[in-house]
Amino acid sequence: MFSIIKFAIWMVLFLVAVYFVLNFFGYEVNRNYFSGAKKQCEEKMKECTNNIYHQGVDNAECNFKCIDPKLIIKKK
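Predicted model, so just to flag it, every value in this text is computed and none were measured. (Residues numbered from 1 in each chain as written. Predicted model: local features only at pLDDT ≥ 70, side-chain atom pairs only at ≥ 80, totals over all residues. Heavy atoms only, no water.)

A. Region of the structure containing helix 2 (residues 33-55). A rise of 1.5 Å per residue sets the reference length of helix 2, with its 23 residues, at 33 Å; its end C-alpha atoms lie 32 Å apart and thus fit the reference within 8%. Trailing helix 2 by a residue or two, Gly56 shows a phi angle of about 95°, which is positive. (Helix = DSSP H or I, 4+ residues; strand = E, 2+ residues; numbered from the N terminus. Expected span 1.5 Å × (residues − 1).)

Dropping the structure here:
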């Protein structure tokens, strides 16, 4: 139990350090990206579901890449 708490504390400290290092080098984390990307991912999933329903499993082509990492961390 103690090791899990210790690991969680180390992860939080690591993420805070990465955030400040990114700021130091002129990058910023786009915290609003995930709220907008969620809607786009849901729409893609609905389209994919419809394609699978109409075309069948063998003929359906779905793109499951909803998140673009280049948009999460961007230059200031």
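B. Geometry of helix 1 (residues 2-24). Its 23 residues give helix 1 an end-to-end C-alpha distance of 33 Å, which sits within 8% of 33 Å, the value for a rise of 1.5 Å per residue. Where helix 1 ends, the next residue or the one after it, Gly26, has phi of about 90°, a positive value.

C. Molecular detail of the packing of aromatic side chains. Enumeration according to the criterion identifies 2 aromatic pairs in this entry. Where Tyr19 meets Phe20, the ring centres are 5.8 Å apart and the plane angle is 75°; that geometry is what we call edge-to-face. Here Tyr19 falls in the partly exposed class, since its relative accessible area comes to 31%. Judged by centre distance (5.2 Å) and plane angle (80°), the rings of Phe24 and Phe25 are edge-to-face. Owing to a relative accessible area of 53%, Phe25 belongs among the exposed residues under this scheme. One residue, Lys75, lies across the ring of Tyr27, its end atom 4.6 Å from the ring centre. (Phe/Tyr/Trp six-rings, centres within 6.5 Å; stacked < 30°, edge-to-face > 60°. Buried < 20%, exposed > 50% of the residue type's maximum accessible area, 1.4 Å probe, protein only. Lys NZ or Arg CZ within 6 Å of the ring centre and 35° of its normal.)

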